[in-house]
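Below, each chain spelled out in residue letters.
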Amino acid sequence: MKFWNIFGSHASTDTGEVINKIDDSTFLRSDGTVYRQQGHLITGSDGSVMSVVDTGAGTGSILPGMAVTTFSGLSTDDDW
């Protein structure tokens, strides 16, 4: 299972990749993939879908939020 830890200005993946947070609902990966968050759902321009299972980052908590992959999209690259 793949996951992100979501912090105030970025997210980090379970593989250590840092994904920049552009605004309150948009993330940008170094390969150009754009992720948009709507409530507890994050969808990627690559077709991936993640569920936010802990909203600690959005409530002013020092704990990060967490998103878990529910569909890995159309990409065949398993190391995102």
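The structure this text deals with has already been given above.
The structure contained in this document is the topic of the report that follows. Source: prediction; values computed, not measured. (Residues numbered from 1 in each chain as written. Predicted model: local features only at pLDDT ≥ 70, side-chain atom pairs only at ≥ 80, totals over all residues. Heavy atoms only, no water.)

1. Structural notes on the packing of aromatic side chains
The final tally for this structure, using the stated rule, is two aromatic pairs. Their ring planes at 65° and their centres at 5.3 Å tell us that W4 and F27 sit as a pair that is edge-to-face. Of the two residues, W4 is situated in strand β1 (residues 3–6) and F27 in strand β4 (residues 26–28); the sequence distance between them amounts to 23 residues. Ring geometry for W4 and Y35: centres 4.8 Å apart, planes at 85°, overall edge-to-face. (Phe/Tyr/Trp six-rings, centres within 6.5 Å; stacked < 30°, edge-to-face > 60°. Helix = DSSP H or I, 4+ residues; strand = E, 2+ residues; numbered from the N terminus.)

2. Overview of the nonpolar core
One finds W4, I6, A11, I19, F27, Y35, I42, M50, V52 and A67 forming the largest nonpolar core, which totals ten residues. Going through the elements one at a time, β1 and β7 (49–54) are the ones with two or more residues in this core. Apart from residues no more than four positions distant in its own chain, I42 is found in contact with W4, I6, F27, Y35, R36, Q37, S48, V49, M50, V52 and A67. (Core = buried A, V, L, I, M, F, W, Y, C linked by side-chain atoms within 4.5 Å. Buried < 20%, exposed > 50% of the residue type's maximum accessible area, 1.4 Å probe, protein only. Contact = heavy atoms within 4.5 Å.)

3. Points about the pattern of salt bridges
A complete count under the given rule lists two salt bridges for this structure. A salt bridge links E17 to R29, with the shortest nitrogen-to-oxygen separation between them at 3.2 Å. Placement of E17 in the loop between β2 (10–13) and β3 (18–23) and of R29 in the loop between β4 and β5 (34–38) is noted, with a sequence separation of twelve residues between them. Given a relative accessible area of 9%, R29 falls into the buried group. For D31, the salt bridge goes to R29, with nearest N and O atoms at 3.3 Å. Residues joined by salt bridges that share partners form a network here, namely E17, R29 and D31. (Salt bridge = Lys/Arg side-chain N within 4 Å of Asp/Glu carboxyl O.)

4. Topic: the environment of G32
For G32, the location among the structural elements is in the loop between β4 and β5. Judged by its relative accessible area of 45%, G32 falls in the partly exposed class. As for G32 and D46, which are separated by 14 residues in sequence, their C-alpha atoms are 9.8 Å apart.

5. Remarks on the pairing of β5
Two strands pair when backbone bridges link them, and β4 and β5 are joined in this way by three bridges, in the antiparallel orientation. Its bridge partner being in β5, F27 is matched across the sheet by Y35. Turn length for the β4-β5 hairpin, with the two strands adjacent in sequence and antiparallel, is five residues, and the turn residue G32 shows positive phi of about 95°. Pairing of β5 with strand β6 (residues 41–44) involves four bridges; the strand directions are antiparallel. When the bridges of β6 are listed, R36 appears paired with T43. The antiparallel pairing of β5 with β6 creates a hairpin that spans two residues between the two strands, and G39 there sits at a positive phi of about 65°. (Pairing = 2+ DSSP bridges.)

Bear in mind that shape data such as this cannot, by itself, settle questions of function.
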